[in-house]
Amino acid sequence: VARHGGHEDTSKMRTAVLFMAAMAGTATAFAPGMGFAPATAQRTAFAPAAIPPTLRAARSIRQPARAAGGMLMQTATGLDTTALARAANEARGIAMDSIAAAKSGHLGLPLGCAEIGAVLYGDYMQYNPKDPTWLNRDRFVLSGGHGSMFLYSWLHIAGYALPMEEVKNFRQHHSMTPGHPEFPNSEHNTPGIEATTGPLGQGVVNAAGIACAQKMEQAMFNTKDHTIFDSIVISLCGDGCLQEGVSAEGAAFAAHEGLDNLIIVYDSNDVTLDKMAEYTQSEDTAARYEAYGWEVVTVDGHDLASVKSTMDAFRLAKNGKPKLLIAKTIIGKGIDEVAGTNAAHGEAGVAFVKASKERLGLTEPWQVSKDTYAHFASVEKKNVEKYDAWTKTYGAWKAANADKAAMLEKFQKKEVMSAADMFKNIPAFDQDKNIATREAGAVVIQSISDLVPNFLSGSADLHGSNKNYIKTGGNFGRGFDKSYAGKNFYFGIREHAMGSLMNGISFHGLFRPSGATFLVFVDYMRHTLRIAALAELPTTYILTHDSIGVGEDGPTPQPVETVSSLRTFPNMHVMRPADPEETVGAYVHSQQRKNGPTCLILTRQNVQTLKTVPVETRREGTLKGGYVAHKETGPLKMIIMAAGSEVQHAFKAAEAMGDGVRVVSMPCMDVFDEQTQAYKDEVLPRSCTKRVAMEAGIGAMWYKYTGLDGKVISVERFGFSAPGDIVMEELGMTADNLIKECKAYM
């Protein structure tokens with residue numbers, strides 16, 4: 001056993017790894033600077049290692065003994081390495097054929113990690129391909145989503161409902177095998193896909209979010225008599241994922257909160273797309289992760305027995321530490337002409353597929369032998385035996401815990417109380433009191449937590465400012481006053497990781513996460529919002545301090561472009577409520593959604609409660625995205641539209657302009673656009689072309705309602721440091737300026 005820095009670590013974890021590796025015939029020896037390195041490495045044990053292990057060093061690791069035909073011989077009791085090695089080569093062949101047929105794709109990862117896939121699907125993971133959403137399955141997340149043929153090959157071989165015809169249709173229109181893995185949604189329903197991945201770094205943090213959800217389900221539902229949840233999550237990543245900063249945020253969070261059910265397999269092939277990895281990185285990754293608080297082991301990623309024995313030890317080690325398996329691999333292994341170089345990453349190896357397959361003994365297109373199918377049928381049989389035993393345990397648990405069982409089934413079915421019933425259970429606010437919508441949110445979220453038991457909240461170190469703390473929820477995590485049943489997540493100053501963790505929790509499927517920060521900081525987590533919208537995840541983002549009204553802090557934290565930019569996301573509902581009752585409607589809407597995320601855009605400053613509008617009208621109108629908040633009493637001459645804190649100004653302007661002016665509150669453009677044409681025409685009659693819109697931000701999105709001849713009063717520049725009311729006045733966000741503009745327009 002070796003450790004970076006050359007210091008012996010005698011932890012039980014490492015002792016277990018050493019023992020299991022020794023039993024597999026792959027015992028390791030101390031080699032300073034190399035981490036866990038196979039003793040068979042041609043570098044002398046105990047010799048100084050001045051140069052970090054590179055591809056050359058990885059290649060110097062001797063391969064295990066081989067039988068005739070190049071197949072690995074049996075090296076570990078219970079591990080059929082002959083069958084798994086054959087399957088690994090056939091998975092390589094499937095990837096080669098599909099990528100060659102598509103004339104598009106990434107060969108490097110599927111070929112370089114084939115042995116890892118063979119271990120995961122052919123021996124290690126707890127799954128049932130006939131019930132791919134089994135509650136207690138181990139989950140696998142391919143963080144390097146570009147290598148999607150790795151996943152499709154193994155899902156097919158392992159017996160999931162992914163026919164070979166769909167594998168052959170890789171990257172084709174309407175196929176089950178898109179270019180990157182896509183979580184089941186309205187576009188794709190490929191079984192066995194646990195997360196939509198592609199943006200590097202996201203998947204490993206999604207996996208940490210899944211690990212959080214697994215810890216939570218264990219804490220909520222396991223009892224002293226029955227364990228119904230004990231699964232783990234594994235993610236496969238490469239250098240690109242670990243170079244992206246989000247992975248560092250997620251790694252720190254995972255270690256701090258003791259997510260020892262999380263295993264990251266790092267495909268360490270010393271290659272990135274442009275150059276060999278040494279061109280852009282020189283850090284000691286193992287030492288970095290050990291510093292976070294992870295268990296770190298390095299193995300030859302092509303040695304089936306080493307991978308398996310280490311993973312077994314990882315599963316057993318409930319020591320409060322996430323696990324990092326550094327698997328030294330050769331990218332594009334099997335295509336000798338490009339293997340081990342950055343050319344292997346993409347399609348460069350396609351030209352050599354025919355000859356490479358022949359060298360591997362693969363003579364047919366998309367060849368999978370009867371022996372491989374038979375082996376994986378036996379794997380499935382063993383897994384089904386575990387599944388059946390679990391089913392009996394679940395039945396006994398359910399009989400003994402009726403209340404818990406009823407709650408779990410609701411979570412699983414994603415059942416949520418109707419909006420009407422939610423409204424009945426959320427008291428109206430004091431109509432004579434003007435408060436900030438974030439303050440209203442602080443009240444509403446308590447009711448939401450009671451009405452939606454699987455609703456979770458969290459903040460990037462801003463609970464006190466975002467006002468989103470669930471008072472009776474407890475805090476999630478390890479140590480202090482935390483438990484894994486806690487509903488409040490302290491994400492730390494890690495917005496990007498917060499978004500990825502939320503997505504992971506949502507991918508898991510039982511819980512409905514929300515997370516909060518200042519609106520201006522949402523750009524730190526922008527790609528996670530995009531994935532949530534694409535994957536149709538019902539996540540909620542609570543984004544406060546929504547405009548130039550932030551005031552004294554100056555233009556840096558004053559968002560002007562942010563709301564409009566969020567509105568450009570397809571399938572993202574951006575709700576900017578005008579007062580406390582609209583805030584109720586916005587929160588309720590976020591929990592009614594089952595096919596996409598919602599952004600709640602809330603003010604720091606107080607806003608006028610629209611007490612002349614019935615409570616029901618405001619709440620129900622918010623659910624429709626836009627509604628008539630003030631109806632004209634004479635012939636309709638003008639419509640004033642606004643959202644959020646500017647709606648109060650629209651009321652004053654309508655009063656000043658006479659009886660022919662209508663006010664439309666537009667808390668959510670996307671939801672309004674989804675309404676029937678009849679409803680939209682009722683709110684915005686086509687006969688009235690005099691239309692004015694006002695919002696304290698970039699105004700381009702409003703022209704679809706005002707028309708090009710309409711008037712949009714907006715903020716088209718950055719703000720400045722001054723009290724919020726002065727900034728608002730100077731930049732035209734007042735009732736007086738709105739009245740002035742309306743009169744000039746008329």
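The preceding data block contains the structure.
Residues numbered from 1 in each chain as written. Predicted model: local features only at pLDDT ≥ 70, side-chain atom pairs only at ≥ 80, totals over all residues. Heavy atoms only, no water.

Undergrad: I'd love a proper account of the overall build of the protein chain, names of residues and values included.
TA: When its secondary structure is counted, the protein chain shows 29 helices and 18 strands. Sorting the 746 residues of the protein chain into buried and exposed places 62% on the buried side. Approximately 28,000 Å² of the protein chain is accessible, and the part contributed by carbon and sulfur atoms is 54%. (Helix = DSSP H or I, 4+ residues; strand = E, 2+ residues; numbered from the N terminus. Buried < 20%, exposed > 50% of the residue type's maximum accessible area, 1.4 Å probe, protein only. Areas by Shrake-Rupley, 256 points an atom, 1.4 Å probe, with all protein chains shown as cover.)

Undergrad: Talk me through the nonpolar core; I want residue IDs and the actual numbers.
TA: Grouped together as the largest cluster of nonpolar side chains are 75 residues, with contacts concentrated most on Leu-262, Trp-294 and Leu-566. Here this core takes 11 residues from helix H8 (residues 202–221), the largest share from any one element. (Core = buried A, V, L, I, M, F, W, Y, C linked by side-chain atoms within 4.5 Å.)

Undergrad: So what's going on with the pattern of salt bridges? Residues and values would help.
TA: The tally for this structure, following the rule as stated, stands at 34 salt bridges. Residue Glu-165 pairs with Lys-168 through a salt bridge whose shortest N-O separation is 3.5 Å. Of this pair, Glu-165 and Lys-168 both sit in helix H7 (residues 164–168), 3 residues apart, which is roughly one turn of that helix. Take Glu-165: its relative accessible area is 52%, and that puts it in the exposed class. Using a relative accessible area of 30% as the deciding quantity, one classes Lys-168 as partly exposed. (Salt bridge = Lys/Arg side-chain N within 4 Å of Asp/Glu carboxyl O.)

Undergrad: Account for the packing of aromatic side chains, naming residues and giving values.
TA: Evaluated as defined, the whole model comprises 26 aromatic pairs. Judged by centre distance (6.0 Å) and plane angle (40 degrees), the ring pair of Trp-154 and Phe-376 falls under tilted. Here the residue Trp-154 occupies a position in helix H6 (residues 148–157), and Phe-376 occupies one in helix H14 (residues 370–400), the gap between them amounting to 222 residues. A single burial state applies to Trp-154 and to Phe-376, both of which are buried. Taken together, the ring pairs in this structure connect Trp-134, Phe-221, Phe-229, Tyr-387, Trp-390, Tyr-394, Trp-397, Phe-411 and Phe-511 into an aromatic cluster. Against the face of Tyr-279 rests Lys-275, its NZ or CZ located 4.7 Å from the ring centre. (Phe/Tyr/Trp six-rings, centres within 6.5 Å; stacked < 30°, edge-to-face > 60°. Lys NZ or Arg CZ within 6 Å of the ring centre and 35° of its normal.)

Undergrad: Tell me about helix H19 (residues 495–508), residues and numbers included.
TA: Here H19 spans 20 Å end to end across 14 residues, near enough to the 20 Å set by a 1.5 Å rise per residue. Buried residues dominate H19, accounting for 14 of its 14 residues. (Expected span 1.5 Å × (residues − 1).)

Undergrad: Account for a negative patch on the surface, with residues named and values stated.
TA: On the surface, a cluster of negative charge is made up of Glu-552, Asp-553, Asp-725, Glu-729, Glu-730 and Asp-736. Position of Asp-736 relative to the elements: it lies in helix H29 (residues 735–745). By relative accessible area, which is 63% here, Asp-736 ends up exposed. (Patch = residues over 30% accessible without salt bridge, like charges linked within 9 Å, V, L, I, M, F, W, Y side chains within 5 Å. Lys, Arg positive; Asp, Glu negative; His and termini not counted. Charge placed at Lys NZ, Arg CZ, Asp CG, Glu CD.)

Undergrad: Can you lay out the sheet that holds strand E5 (residues 323–328) for me, pointing to particular residues and giving the numbers?
TA: In space, the 5 strands of this open sheet follow the order E1-E2-E3-E5-E4, with parallel pairing throughout. The sheet is open, and its two edges are formed by strand E1 (139–142) and strand E4 (295–300), each paired on a single side. Strand-to-strand twist across the sheet, computed as the mean angle between neighbouring axes with direction ignored, equals 20 degrees. Pairing of strand E2 (residues 233–237) with strand E3 (residues 262–268), which is carried by 5 bridges, proceeds in the parallel orientation. Bridged to Ile-234 within E3 is Ile-263. The strands that H6 touches are E1 and E2; relative to E1, the one it contacts most, it runs at about 150 degrees. Each of E3, E4 and E5 is contacted by helix H11 (residues 285–292), which is oriented at about 155 degrees to E4, the strand it contacts most. (Pairing = 2+ DSSP bridges. Axes fitted to C-alpha atoms, helices over the stretch in contact; angles between N-to-C directions. Contact = heavy atoms within 4.5 Å.)

Undergrad: How would you summarise the packing of helix H22 (residues 580–592) against helix H23 (residues 615–623) if you had to cite specific residues and measurements?
TA: Two quantities define a packed helix pair, namely the angle between the axes and the distance from one axis to the other. It is at 8 Å that the axes of H22 and H23 come closest, and there the two elements cross at 35 degrees. Seen from above, H22 lies across H23 with right-handed handedness. Judged by residue contacts, Glu-581, Glu-582, Val-584, Gly-585, Ala-586, Val-588 and His-589 of H22 engage Val-615, Arg-618, Arg-619, Thr-622 and Leu-623 from H23. Tallied by class, residues from the contact of H22 with H23 come to 5 nonpolar, 3 polar and 4 charged. (Left-handed = near helix turned anticlockwise from the far one by under 90°. Nonpolar A, V, L, I, M, F, W, Y, C, P; charged D, E, K, R; others polar.)

None of the figures reported here should be taken as evidence of function without further support.
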